[in-house]
Amino acid sequence: MQLFWYLVTALLWPLLLWQGKRLRKLAVRLPEAAGDRAGSITASNAAQQPVLKVLICGDSAAAGAGIASQQQALVGYLTRALAVANSVEWQLVAQSGLCCNGLVKLLQGLPEQRFDQVYVSIGVNNVTALTGNRQYREQCRELLTLLSTRFQSPQIIISAIPPMQQFTALPWPLNQWLGLKARLLNKVLTQELAHWPNAVMVDAKLSLSPELLAADGFHPSAKGAALWAQLLLETAATGCKQT
């Protein structure tokens, strides 16, 4: 797959470069979701269960770009579902445009504390930045090390880079080329996660129908965020690695 990606790059580079530049110029840039980025929810059986401390972190998808409110974005769906069984204290640390190394720098600004679960959305910007496989593995390892040591070995649930070939904002063949790059980086992360028993990647290999995407054809819609949260929660509950 790596050799095929290099071959496609060599054959189509002028077209891919032109499409990429044109897309950056014409792309719709949607704001991040409005609303609180930290809070707590008290469950009805709060006296019987310990408080679950949750961190949601990552890029523009985690920040809810293209969705009106955080309540309709990933963080809202995740925290409400988790609060059915536990009282939840949660924090959202996310910013548009972040690569994996950018997320590491952002998280380094947080104080050391305990989190029981950390949900991570990262990688799309590494795809568009054409991060190399070795560099991406090093960045993922640095992120996993930081999360495990700074936040007292939480359960780490990482979203796979979505199938970018299905992003409606991307023209052909740019979409297929970036989709292939995304699969390569997901494979790199899978290999690294073999060394991290407290971490799992969620890759449901879904078909991204238009209603699951925001108006820019690049980020998840509110409906997409709800489905995304459901998939993450299913994996968090089982602790099983998804392939």
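Quick note: structure is the one above.
My aim in this report is to walk through the structure given alongside it, one point at a time.

What counts and what doesn't
Residues numbered from 1 in each chain as written. Predicted model: local features only at pLDDT ≥ 70, side-chain atom pairs only at ≥ 80, totals over all residues. Heavy atoms only, no water. Buried < 20%, exposed > 50% of the residue type's maximum accessible area, 1.4 Å probe, protein only. Helix = DSSP H or I, 4+ residues; strand = E, 2+ residues; numbered from the N terminus. Pairing = 2+ DSSP bridges. Right-handed = clockwise from strand over helix to strand, strands pointing away. Expected span 1.5 Å × (residues − 1). Bend = angle between axes of the 7 residues up to and from the residue. Contact = heavy atoms within 4.5 Å. Phe/Tyr/Trp six-rings, centres within 6.5 Å; stacked < 30°, edge-to-face > 60°.

Turning to the pairing of strand β5 (residues 155-159), a few remarks are in order. Most of β5 sits out of view: four of its five residues are buried. Bridge count between β5 and strand β6 (residues 199-202): four bridges; the pairing is parallel. Note on β6: the bridge partner recorded for Ile158 is Met201. For the crossover from β5 across helix α7 (residues 174-193) to β6, the handedness is right-handed.

So, on to helix α1 (residues 2-26). Between its terminal C-alpha atoms α1 stretches only 30 Å, short of the 36 Å expected from 25 residues at 1.5 Å a residue. Along α1, the largest kink reaches about 80 degrees and is centred on Leu12; proline Pro14 follows within four residues of it. For α1, the set of buried residues is Trp5, Val8, Thr9, Leu16 and Gln19. In the core, the buried residues of α1 are packed alongside α7.

What follows covers the packing of aromatic side chains. Describing an aromatic ring pair means giving the distance of the ring centres and the angle of the ring planes. Throughout the structure, instances matching the rule amount to five aromatic pairs. Each ring, one from Trp13 and one from Trp177, has its centre 6.0 Å from the other, and the planes form 65 degrees; the classification is edge-to-face. Of the two residues, Trp13 sits in helix α1 while Trp177 sits in helix α7, which places them 164 residues apart along the sequence. On the basis of an interplanar angle of 80 degrees and a centroid distance of 5.2 Å, the ring pair of Phe115 and Phe151 is categorised as edge-to-face.

Next up on the list: the pairing of strand β4 (residues 117-121). Look at any regular strand and the pattern is simple: side chains alternate between the two faces of the sheet. Counting buried positions along β4 yields five of five residues, so the element is predominantly enclosed. A two-sided burial pattern is seen for β4, the buried positions comprising Gln117, Tyr119 and Ser121 on one face and Val118 and Val120 on the other. Examined bridge by bridge, strand β2 (residues 52-58) and β4 share five bridges and lie parallel to one another. What sits directly across from Cys57, in β4, is Val120. Note: β4 against β5, five bridges, orientation parallel. Residue pairing for β5: Tyr119 is matched across the bridge by Ile157.

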